[in-house]
Amino acid sequence: MISIYGDGRCSTIGKMTNVGQNRDMYIFNFERNFFSSTGAEKAERDRYYKTLDEFENLGGKVGASADHLLRALQLYENVMVEFIRQYTFNYLHYAVNTTDLASKAIYSRMDAEFAQRTAFLRQELIYIDRSVLDRFIEKKPELEAYRFAVESAQRYRPHTLSMGAESTLSSAAVVSNEWEYELYEILVQRTSFGSVTTQEGELDVLRQRTAISTHPDRAIRADGFKQLYAGYASQRDLYAYTLINLVKRRNRFAKIHQFEDAPSEVYFNSYWSKAEVTNLLKELGQQAGVYLVYQRLRAEHARKILGVEDVDLWDVTMSLPGEVPPRFSIEQATNIICEALSAFGADYGRELASLLDPANGRIDILPGDHRKAGGFSKGFPGVTTVFFSHGFEGYYNDMRVLMHESTHAIHRQLMNNHAVRSMYAEGPHYLFESFAILNELLLADYLYQHETNRLKRQYYLEQFLDGKGMALFFIAQDASLEQSIYEEVENGSIESADDLDSLTKRILSRFDIWTNRHAELNMRWITNRLFYEDPLYDINYVYGALLALKYYELFTQSPASFVKNYISLLGNGFDATPEFLLSKFLKIDIHDPGLVADAVNILENKVRLLKEEYSNE
């Protein structure tokens, strides 16, 4: 059970539990949170299709009158909630059991169908003149709440084809999308990465990377690194074929919509221009000195504590010299997360407690076969928020993922509590990521501040920087690499795996001290699965980290005033541009050239603090 303290903290009460001994506690309760029975699910799906039919019947009539416009927008919001509930239900069934191909087929089909059958709305909103919209709002004041939704759609007027052409293109996209990531997954699954032998038993090189990379035995860490990359290299030509064709397809579709290339289209969706993103990535490359200093500091410290001259990158991943890495039960992790976020107040703490309480069936973290890799959260206004992990094993990284994804879930729940319209429940993903990254920083900071063991204090300070503090740079190199891949595939400079390796080395060498020493690192275009699963998403982590460091600065300077405005931002939804929302609630200018300098200053101070911790040995 989880309770709330008077100041907003949440905590588990009772005996600490090993997840493996109470398996029934940490699985999704689909009946409680989604549908009470198969019959109830079918009945709701029938209602969904009835609503979708009613909405689709408004095609060609959206801009005909104020009544039609209001009805179309209201029906779209209703059908979106019903769709997301059905989609999430089936997606979660597949996540907990990837052999459940029936559930996967349902959510994939519904996703494509929803996109096709609702696409006409934006097309028709685009061509409603501002004077007409003003007249409609005067006649139907309820439409004022939808003004930003209409104006947002109208941004796409230069990038929208005729209804017939868009329909044809959408049909083609349904056939061509996703095969690249599916092939990527097949390649990973068919590869024998092998295992390494330890005193504790065999460790799977792919699935137990954390245990291997943090193992106290240097030879095991080195073997794990080499075997992992040897596994990826065994399918290198097919990974290159997959990625290059994915890039070609996305660039081609972007050009059809009058964008320069796929990165330009993705950036436009988040209210950026390609020039702005390129300039930011260039500036981060120029400011990467703090990241290089940090890497050298870690390497020098590893050389000192290990007593070896030829220190290598697998030496800096070791958790604690002479000690096993910290491990946490799920209850301990819950307590720590709740305490670390206690300053966010009772409402936030209450929602966090509800999510993490296993009695509510909203958290599924049991290790096992046939589970989707990674961790994620799902939720939407009117749809239960949940958290999934492929398996919580108690390492710091497991707790970090729990912190990150629970942030997304609580953010969605706060919007739900504030009756945010479903039309405004989604926005630029870099804002979502900025909120989650802030909480990662607060988690590491909390553990560092409350730890008395000298080695563990060092470890948690390292996690502040490794976990997301230095994301500004180590993900900037991924974002730079991915953008460059799209540019160089388009101009014909990249045609093979060797070309991808060469580009990767050229970019990573500006950010990383190990690239020139290990040719394996040139395969980063393979090992970053987001390149295949969610192309061009990494830039959200870059902007997210930049903002999170600014939030962290504001929070540490004036916690009370920051929290009040920050929680208001979380509950507001996305009824305005991200630029406006950040300025309104937090007085942050996303275009402020000083943001990077402020972030670098925070990181430099943390690196100096870590150096002092090392010198106290």
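Residues numbered from 1 in each chain as written. Predicted model: local features only at pLDDT ≥ 70, side-chain atom pairs only at ≥ 80, totals over all residues. Heavy atoms only, no water.

## Re the overall build of the protein chain
Of the regular secondary structure elements, the protein chain holds 29 helices and 7 strands. Expected size for 617 residues packed as a compact globule is a radius of gyration near 25 Å; at 25 Å, the protein chain falls within 12% of this value. For the C-alpha atoms alone, the extent of the protein chain along its principal axes is close to 80 × 60 × 50 Å. Burial status across the protein chain gives 57% buried among its 617 residues. (Helix = DSSP H or I, 4+ residues; strand = E, 2+ residues; numbered from the N terminus. Rg over C-alpha atoms; globule rule 2.2 N^0.38 Å. Buried < 20%, exposed > 50% of the residue type's maximum accessible area, 1.4 Å probe, protein only.)

## Overview of the sheet that holds strand β5 (residues 363-364)
With mixed pairing, the 3 strands of this open sheet are ordered in space as β5-β7-β6. What marks the edges here is a single partner per strand, and that holds for β5 and β6 (375-380). The sheet contact formed by β6 and strand β7 (residues 383-389) spans 5 bridges and is antiparallel. Note on β7: the bridge partner recorded for K378 is V386. (Pairing = 2+ DSSP bridges.)

## Details of helix α14 (residues 274-286)
Its 13 residues place the ends of α14 18 Å apart at the C-alpha level, agreeing with the 18 Å of an ideal helix rising 1.5 Å per residue. If you follow the buried residues of α14, they end up packed against α13 (262-269), α21 (471-474), α22 (476-490), α26 (538-557) and α29 (594-615). (Expected span 1.5 Å × (residues − 1). Contact = heavy atoms within 4.5 Å.)

## Some details on unusual backbone geometry
Phi at Q258 takes a positive value of approximately 65°, unusual for a residue other than glycine. Here Q258 is to be found in the loop between α12 (236-256) and α13. In this structure Q258 comes out as exposed when scored by relative accessible area, which is 55%. Even without being glycine, A419 reaches a positive phi, approximately 55°.

## Focus on the side chain of S480
Along the chain, S480 turns up in helix α22. The buried category is assigned to S480, whose relative accessible area is 7%. The contact partners of S480, leaving out residues within four places of it in the chain, are L281 and I507.

## Remarks on the pattern of salt bridges
Going through the model one piece at a time under the given rule, you end up with 42 salt bridges. With its nearest N and O atoms 3.0 Å apart, the salt bridge here joins D315 to R221. Here D315 is found in the loop between α15 (289-306) and α16 (330-340), whereas its partner R221 is found in helix α11 (residues 218-233), with 94 residues between them in sequence. Comparing D315 with R221, the two get one shared label, buried. The network of salt bridges with common partners includes D53, E56, E113 and R117. (Salt bridge = Lys/Arg side-chain N within 4 Å of Asp/Glu carboxyl O.)

## Quick look at the environment of T527
As for its position among the elements, T527 is in helix α24 (residues 524-527). The contact partners of T527, leaving out residues within four places of it in the chain, are Y184, Y229 and Y232.

## Some points on the packing of aromatic side chains
As enumerated under the stated definition, the model contains 50 aromatic pairs in all. Their ring planes at 15° and their centres at 6.3 Å tell us that Y291 and F473 sit as a pair that is stacked. A residue pair is termed long-range when its members are at least 10 positions apart, and Y291 in helix α15 and F473 in helix α21 qualify at 182 residues. The pair formed by Y291 and F473 is uniform in burial state, with each residue classed as buried. Note that R155 overlies the ring of Y271, its terminal NZ or CZ placed 3.9 Å from the centroid. (Phe/Tyr/Trp six-rings, centres within 6.5 Å; stacked < 30°, edge-to-face > 60°. Lys NZ or Arg CZ within 6 Å of the ring centre and 35° of its normal.)

## Some words on the nonpolar core
Ranked by internal contacts, the top residues of the largest apolar core, which has 212 residues, are F344, M470, F473, I485, W525, Y551 and Y566. Broken down by element, this core gets its largest block of residues, 18 residues, from helix α3 (residues 66-96). Setting aside anything within four residues of it in sequence, one finds M470 in contact with V290, Y291, Y294, L465, L603 and V607. (Core = buried A, V, L, I, M, F, W, Y, C linked by side-chain atoms within 4.5 Å.)

## Observations concerning the pairing of strand β4 (residues 201-204)
When strand β3 (residues 195-198) meets β4, the two strands line up antiparallel, connected through 4 bridges. What sits directly across from T198, in β4, is G201. Between β3 and β4, which pair antiparallel in sequence order, lie 2 residues.

## Thoughts on the environment of Y460
Here Y460 lies in helix α20 (residues 454-469). Here the alpha-carbon distance between Y460 and D445, two residues 15 residues apart in the chain, equals 7.3 Å.

## Some thoughts on the pairing of β7
Along β7, 6 of the 7 residues are buried, which leaves the element largely enclosed by surrounding structure. Sheet topology note: the β5/β7 ladder contains 2 bridges and is parallel. Note that in β7 the partner of D364 across the bridge is F388. Connecting β6 to the next strand, β7, in antiparallel fashion are 2 residues, including G382 with a positive phi near 90°.

## Details of the confidence of the model for the protein chain
Of the residues in the protein chain, 94% have a pLDDT of 70 or more, and the chain-wide mean is 91. For the protein chain, the element scoring lowest by mean pLDDT is strand β1 (residues 2-4), at 38; α22 scores highest, at 98. Below pLDDT 50 for its whole length, residues 1-9 participates in 31 contacts with residues either more than four positions away or in separate chains. In the model, residues 12-21 has pLDDT below 50 throughout and makes 18 contacts with residues more than four positions away in sequence or in other chains. (pLDDT = per-residue confidence, 0-100.)

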